[in-house]
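# Structure at a glance
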Amino acid sequence: MRTLKILPVALTLVLGAIPLPAAGQQQTTLAQVVDKIVAQEQAEVQSLRQYSPIVETYIQILRPTKAGGAVPNGDKYFLGRAELAKGVELEPLIRGTRTKHNLFGGLGSIFSMEFLPRGFLQMIYLDTNGFDRQHYNFKYVGREFLGDIRCLVFDVDPSSKPDKGRFVGRIWVEDQDYHIVRFNGGYSGRSQTSFYFSFDSWRTNAGKNEWLPAFIYSEEVDSQAVATFKAQTRLWSYAPDYAREEQELSKVLVETPMAVKDQSEIANDYSPIQAKRAWGRQAEDNVATKMEQLGLMAPYGDVDKVLETVVNNLEVTNNLDIQPAVRCRVLMTSTLESFTMGHTIVLSRGLVDVLPDEASLAAILAHELGHVVLGHRMGTQFAFFNRLRFEEKETFRHFGFTRTPEEEQAATQQGIELLKKSPYKDQPGNAPLFLEALKNRSKEIPNLVSPHLGSRVAAGWTTGSAELSAEKPSGNVIAALPLGGRIKVEPWNNQLQMLKSKPAGGVAKDEKMAFEVTPFFVYLTRQGNNSGKEVPSAVSVKSDPDTSIPDTKP
Ligand SMILES: [Zn+2]
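Below you will find a few notes about this structure. This is a predicted model, so every value here is computed, not measured.

With that settled, the discussion passes to the nonpolar core. What tends to happen in soluble globular proteins is that the nonpolar side chains get buried as a cluster. Within the largest apolar cluster, 89 residues are counted, with the highest numbers of intra-cluster contacts made by Leu365, Phe434 and Phe515. Residues in contact with Leu365, not counting those within four places in the same chain, are Leu307, Val310, Val311, Leu314, Cys328, Ile345 and Leu347. Judged by nonpolar contacts, the second largest core, of 46 residues, contains Val38, Leu152, Phe167 and Leu212.

Turning to the sheet that holds strand S13 (residues 338–341), a few remarks are in order. With mixed pairing, the three strands of this open sheet are ordered in space as S12-S14-S13. Edge positions in the sheet fall to strand S12 (327–331) and S13, since each has one partner strand and no second. Direction aside, neighbouring strands of the sheet carry axes that sit 25 degrees apart on average. Examined bridge by bridge, S13 and strand S14 (residues 344–348) share four bridges and lie antiparallel to one another. The residue bridging Ser338 from the neighbouring strand is Leu347, located in S14.

Below, the discussion takes up the packing of aromatic side chains. Taken as a whole, this structure holds 16 aromatic pairs when the rule is applied. Summarising the aromatic geometry, the rings of Tyr140 and Phe154 are spaced 5.5 Å apart at their centres and angled 65 degrees between planes, so their arrangement reads as edge-to-face. Linking Tyr140 in strand S5 (residues 136–146) with Phe154 in strand S6 (residues 149–158), this pair joins segments that are 14 residues apart in sequence. In this pair, the class of Tyr140 matches that of Phe154, namely buried. Measuring from ring centre to ring centre gives 6.0 Å for Phe183 and Phe199, while their planes differ by 90 degrees; the resulting arrangement is edge-to-face. Here Phe199 lies in strand S9 (residues 196–205) and Phe183 lies in strand S8 (residues 180–187), a separation of 16 residues in the sequence. Across this residue pair, the class does not change: Phe183 and Phe199 are buried. Taken together, Phe167, Phe183, Tyr187 and Phe199 form an aromatic cluster joined through their ring pairs. Here the basic side chain of Arg182 rests over the ring of Trp172, its NZ or CZ set 4.1 Å away from the ring centre.

Conventions adopted
- Residues numbered from 1 in each chain as written.
- Predicted model: local features only at pLDDT ≥ 70, side-chain atom pairs only at ≥ 80, totals over all residues.
- Heavy atoms only, no water.
- Core = buried A, V, L, I, M, F, W, Y, C linked by side-chain atoms within 4.5 Å.
- Buried < 20%, exposed > 50% of the residue type's maximum accessible area, 1.4 Å probe, protein only.
- Contact = heavy atoms within 4.5 Å.
- Pairing = 2+ DSSP bridges.
- Helix = DSSP H or I, 4+ residues; strand = E, 2+ residues; numbered from the N terminus.
- Axes fitted to C-alpha atoms, helices over the stretch in contact; angles between N-to-C directions.
- Phe/Tyr/Trp six-rings, centres within 6.5 Å; stacked < 30°, edge-to-face > 60°.
- Lys NZ or Arg CZ within 6 Å of the ring centre and 35° of its normal.

Put into structure tokens, the structure is as follows:
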């Protein structure tokens, strides 16, 4: 029985072995440790001012169910660039997301639309104005491991009760340099309503003794303790292209002129058809590079290779020899979208995250490969470099890869043909269930399923998915994973890896959580001891089927 696990939980409480000496010395030692934490936190706030990460907040508004739970009933999406040098300023990258609700209508100005994204960004800081022993009481709780990181744990309360905006909750401090790596709680006196707002803020190590805010889960409950919304805030792209520029430029400089010349002598001239292909590829490369520089596309890496393995399997079994070769890239965002630009297939991280198994991934990729096979081309205007000069906030207006409904329908039909001859035809899989679930949930999560660059994932599948599989898998199946279920994001350089979490035994009905916002539980590590580097895990046609990405079927 294999099932779903959201994030690898390795919260091991270490019993006993309290690091602070007992007896008479304790007060002094506690004060000394707290002073180190306070100093490090102040340095952290200063250090963060140099960064302009991308900030994404996705909110699901919840409706209580009769069974006592809650289900998504509306959502909200923000994407922006933070200017941390200016405090919690955010430059929006996407304007005017749709919602059928008057979001947070009763909550007054704290959650006005304008303030909302900044309110979530605020949670990267514990307290920028007086986090010290004068304003707070610290109570040592014990030690815990968060992932590989051994932490000291403290309960923190404002020393003066009416002090509004002070942090109340618990902090986890790594025990080498006293960085706060996680804080969980709320701000006192923040909300003047009967709503109670809490958050869990995580920082991840970027090497060099640096911990960067990366993941924040937050939720609000009403006076009956029923959650009214859940939100995930993600930060990334702290330094997306610094490392690459350095590396590539130094490589160019060490190459000898002779070596460059040799290569050009080997190459033949281009025929017109080759020139046309090269021109198309240049346009694809230009868009991909630009998106990567903006921090919206992940650098080519392990996850792309997994996707390309699946595409390769589809091509090989259908005797396709597509030139130039089909490539895959991943958009960094949580929205569910996929599109092709020429021979480059792009899936969003959010989409890969919620796909329950490899067969579902194959269905999505087969549809996109359908666009490629049918010759649905991108405009090649981006092969001109002046077309790539525009302001960042214009990005989503500048790039657009939507297709007509006719093209979508044709690509789905083509994709189904490709799947029928592929190794995935024998895996009944969840693909139809996934598409069905996506269609059924779309009303409640309009902003999650609204693409910013491509077409809706479900577009074209309305009539097609029934053809995919006559036999529906029986039993307790997962139609779709919760958000963030599969890919690990490195917020420093935007590299993506498949999560290593093991399937988690039987899944109860209320644990299914398709497309839902769930808390983060990050497996913290220090950069530089990456012993657990992931390997691409999709099954290759000729390789051992046991290496396929862990699916969630029983
Ligand atoms: Zn399509």
